[in-house]
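Breakdown of the fold
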Amino acid sequence: MGIRVLIVGGGGREHALAWKIAQGPRVAKIYCAPGNAGIAEFAECVAIEPSDISALCRFAVKNAVDLTVVGPELPLTLGIVDVFEKEGLRIFGPSQKAARLEGSKIFAKEIMQKYAIPTAAFTVFADATAARDYLLKGNSIPVVIKADGLAAGKGVFPSLRVEDALAAVDRIMIQCEFGAAGSKIVAEQFLFGEEASFICFTDGTSIIPMPSSQDHKRVFEGDRGPNTGGMGAYSPAPVITAALEEKIMQTIMRPLIAALREEGIRYKGVIYAGLMIDRDNPYVLEFNVRFGDPETQPLLVRLKTDLVDIMQAIIDERLSEITIEWDPRPAVCVVLASGGYPDKYEKGYPILGLKEAAQVPDAVVFHAGTALRDGQVVTDGGRVLGVTAWGISIADAVQRAYQAVNKIHWQGMHFRRDIAYRAIKHA
């Protein structure tokens, strides 16, 4: 009898997870809470929000779920893993204590400082006046202002001028744009270089890196405009050479897992380091405690090993017994967003061309913010689709991705036309 899987979440990352998990030979049934119009092709969508942990737990018990996979960070920081494990349920993801690495930037910075993991110098503020006084001295500029808590990737403000930094403090601490997440802030040294995403599987002892990837945070071409949840991604990222990968493992990833063990925390799941690479020296910008979005999309189309096997091995603390294989071909994801994103945007526009896009060879369209209305797929979020393709080279993958993108249309749709430009320039 096959296993029953529950995926928590409803975005592009969760669609990619459902797509990959559905390929597993032992999977009999997939549920997704709440899911979206694309996920519904692979899973039975259930109207439970990811933050409603008690309802999710009751559902998993009632439906004899064998494995729960948590996509977004919020339920992890709320302790979903601890609650499920108390009920004897198998669940993939880190504990609430481990999830503080993403839930509190201050906690993550203090761990890195204590265990000499390379990161930018920082100062913590719980008072807006003290933060303003510090910035007005001018010695800290340029600076990055970060809300301490979860802000959906939008609570980070790189500031080249004092005025920008003061405005960021005002938005976070005075206007409370991110709610309780902004009760404290981190003022961090501005690092220069090239960003990369470095994501690993770990069972708390063994740690295995995935291929490198790179996200595009800014909303407009040329890395202009405000930060978003991610406008596209690609894998691999040429900035991460084999030698640099080993350096990252030696100076960041292995020390982090060991540091957490020293703190009484066994980290099990996926650990994501957002890095700045400065002249072959990696520095940690942030840790995430789950698969990245949109990095998951190009990564999972490259994964050849059964994802469920990997997850089960991590839960059972036997990751060292697993061999993980990857397709050598590069992959690219282009995010299609609603007009106005990452600020205000409207929902409910019919999406045209999905069938035509799906017919492009070696391309798959992952749904992020979609819904079904009267049999029509409509927009239902800021990031709507993640058009993903792979090819014999990064340029080939990019060409296929945009070939599929050009089949799709809805009112106000916008996207970046320069995804993977660094990799193409490098090639």
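None of the values given here were measured: they were computed from a predicted structure.

1. Some thoughts on the sheet that holds strand 4 (residues 67-70)
Taken together, the five strands give an open sheet; going across it, the order is 3-2-1-4-5, and neighbouring strands pair in parallel fashion. Of all the strands in the sheet, just strand 3 (44-45) and strand 5 (91-92) have a single pairing partner and so form its edges. Bridging between strand 1 (residues 3-9) and strand 2 (residues 27-34) involves seven bridges; their strand directions are parallel. Following the sheet pairing, Val 8 is matched in strand 2 by Ala 33. Across the sheet, helix 11 (residues 307-315) is in contact with strand 1, strand 2, strand 4 and strand 5; its angle to strand 4 comes to roughly 95°.

2. Remarks on the pattern of salt bridges
Taken as a whole and judged by the stated rule, the model has 24 salt bridges. The shortest N-O distance in the salt bridge between Lys 146 and Glu 188 comes to 3.0 Å. Here Lys 146, found in strand 7 (residues 143-147), pairs with Glu 188, found in strand 9 (residues 185-189); they are 42 residues apart in sequence, far enough to count as distant. Taking relative accessible area as the criterion, Lys 146 reaches 6% and is therefore assigned buried. Of the charged contacts, one joins Asp 316 and Arg 318 as a salt bridge, the two residues approaching to 3.6 Å between their closest N and O atoms.

3. So, the side chain of Ser 338
Its location among the elements puts Ser 338 in the loop between strand 18 (331-337) and helix 12 (354-358). Among all residues touching Ser 338, those that are not within four sequence positions of it are Tyr 345, Glu 346, Thr 379, Gly 381, Gly 382, Val 384, Trp 410, Gly 412 and His 414.

4. Some remarks on helix 5 (residues 96-103)
Regarding helix 5, the residues found buried are Ala 98, Ala 99, Leu 101 and Glu 102. Each buried residue of helix 5 lies within a common arc of 120° when the element is viewed along its axis, so the set occupies one face. The secondary structure elements touched by the buried residues of helix 5 are helix 3 (73-77), helix 6 (105-114), helix 9 (242-262), strand 16 (269-278) and strand 17 (281-288).

5. What to know about the pairing of strand 22 (residues 383-390)
Most of strand 22 is tucked away, with eight of its eight residues classed as buried. Sheet topology places strand 18 next to strand 22; seven bridges connect them, and they run antiparallel. Residue Val 334 lies in a different strand from strand 22, and its bridge partner there is Val 387. As defined by bridge partners, strand 19 (residues 363-367) adjoins strand 22 across five bridges and the pair is classed as antiparallel. Looking at the pairing, Val 365 lines up with Val 387 of strand 22.

6. With respect to unusual backbone geometry
Residues Ile 141 and Pro 142 are joined by a peptide bond in cis, for which omega reads 0°. Locating Pro 142 in the fold gives a position in the loop between helix 7 (128-136) and strand 7. Its identity is not glycine, yet Glu 317 carries a phi of approximately 60°, on the positive side. Position of Glu 317 relative to the elements: it lies in the loop between helix 11 and strand 18. In this structure, Ala 420 takes a positive phi of about 75° despite not being glycine.

7. Quick word on the sheet that holds strand 11 (residues 207-209)
Across a sheet, strands are paired by hydrogen bonds formed along the backbone, either parallel or antiparallel in direction. Taken in spatial order, the four strands line up as 11-10-16-17 in an open sheet, and their pairing is antiparallel. Sheet topology places strand 11 and strand 17 at the edges, where each strand pairs with a single neighbour. For this sheet, the mean angle separating the axes of adjacent strands, direction not counted, is 35°. Of the pairings in the sheet, the one linking strand 16 to strand 17 comprises seven bridges and is antiparallel in character. Pairing of Asp 278 across the sheet is with Asn 281, part of strand 17.

8. Details of the packing of helix 7 against helix 8 (residues 162-174)
Think of two packed helices as two axes; the pair is described by the angle between the axes and how far apart they sit. Where helix 7 contacts helix 8, the axes come no closer than 10 Å and their chain directions differ by 175°. Comparing their axes, helix 8 and helix 7 come out roughly antiparallel. Each of Ala 128, Ala 131, Arg 132, Leu 135 and Leu 136 in helix 7 lies in contact with helix 8, whose residues at this interface are Val 162, Ala 165, Leu 166, Val 169, Met 173 and Ile 174. Across the contact of helix 7 with helix 8, the residue classes break down as ten nonpolar, no polar and one charged.

9. Concerning the layout of surface pockets
A water-sized probe rolled over the atoms picks out the places where empty space is left. Looking at the second largest pocket, its volume works out to about 430 Å³. Val 156, Phe 157, Arg 171, Pro 226 and Asn 227 are, among the 18 residues lining the second largest pocket, the residues nearest its centre. Of all elements in the fold, only strand 8 (156-159), helix 8 and strand 14 (224-227) reach the threshold of two or more residues within the lining of the second largest pocket. Its residues assigned to classes, the lining of the second largest pocket shows nine nonpolar, three polar and six charged.

10. What about the nonpolar core?
Counting 84 residues, the largest nonpolar core has Ile 80, Leu 101, Met 253, Phe 287, Val 332, Leu 336 and Ile 408 as the members making the most contacts within it. Per-element tally for this core: the top contributor is helix 9, with nine residues. With residues near it in sequence (within four places) discarded, Ile 80 still touches Val 8, Ile 53, Leu 56, Val 70, Pro 75 and Ile 91. Counting residues in each nonpolar core, the second largest holds 41 residues, with Leu 17, Met 210, Met 311 and Ala 331 among its members.

11. Let's talk about the pairing of strand 18
Counting buried residues along strand 18, seven of its seven residues qualify, which places the element largely inside the surrounding structure. Of the two faces of strand 18, the one carrying Ala 331, Cys 333, Val 335 and Ala 337 and the one carrying Val 332, Val 334 and Leu 336 are both buried. Relative to strand 18, strand 15 (residues 232-235) runs antiparallel, the two being bridged by four bridges. Paired with Ala 233 across the bridge in strand 18 is Cys 333.

Criteria and cut-off values
- Residues numbered from 1 in each chain as written.
- Predicted model: local features only at pLDDT ≥ 70, side-chain atom pairs only at ≥ 80, totals over all residues.
- Heavy atoms only, no water.
- Pairing = 2+ DSSP bridges.
- Helix = DSSP H or I, 4+ residues; strand = E, 2+ residues; numbered from the N terminus.
- Contact = heavy atoms within 4.5 Å.
- Axes fitted to C-alpha atoms, helices over the stretch in contact; angles between N-to-C directions.
- Salt bridge = Lys/Arg side-chain N within 4 Å of Asp/Glu carboxyl O.
- Buried < 20%, exposed > 50% of the residue type's maximum accessible area, 1.4 Å probe, protein only.
- Arc of directions from axis to C-beta.
- Parallel < 35°, antiparallel > 145°, perpendicular 65-115°, else oblique.
- Nonpolar A, V, L, I, M, F, W, Y, C, P; charged D, E, K, R; others polar.
- 1 Å grid on protein atoms, 1.4 Å probe; cavity = no way out; pocket = protein on both sides within 12 Å on 5 of 7 lines; lining within 4 Å.
- Points joined across faces, edges and corners; volume = space filled by probe spheres on them.
- Core = buried A, V, L, I, M, F, W, Y, C linked by side-chain atoms within 4.5 Å.

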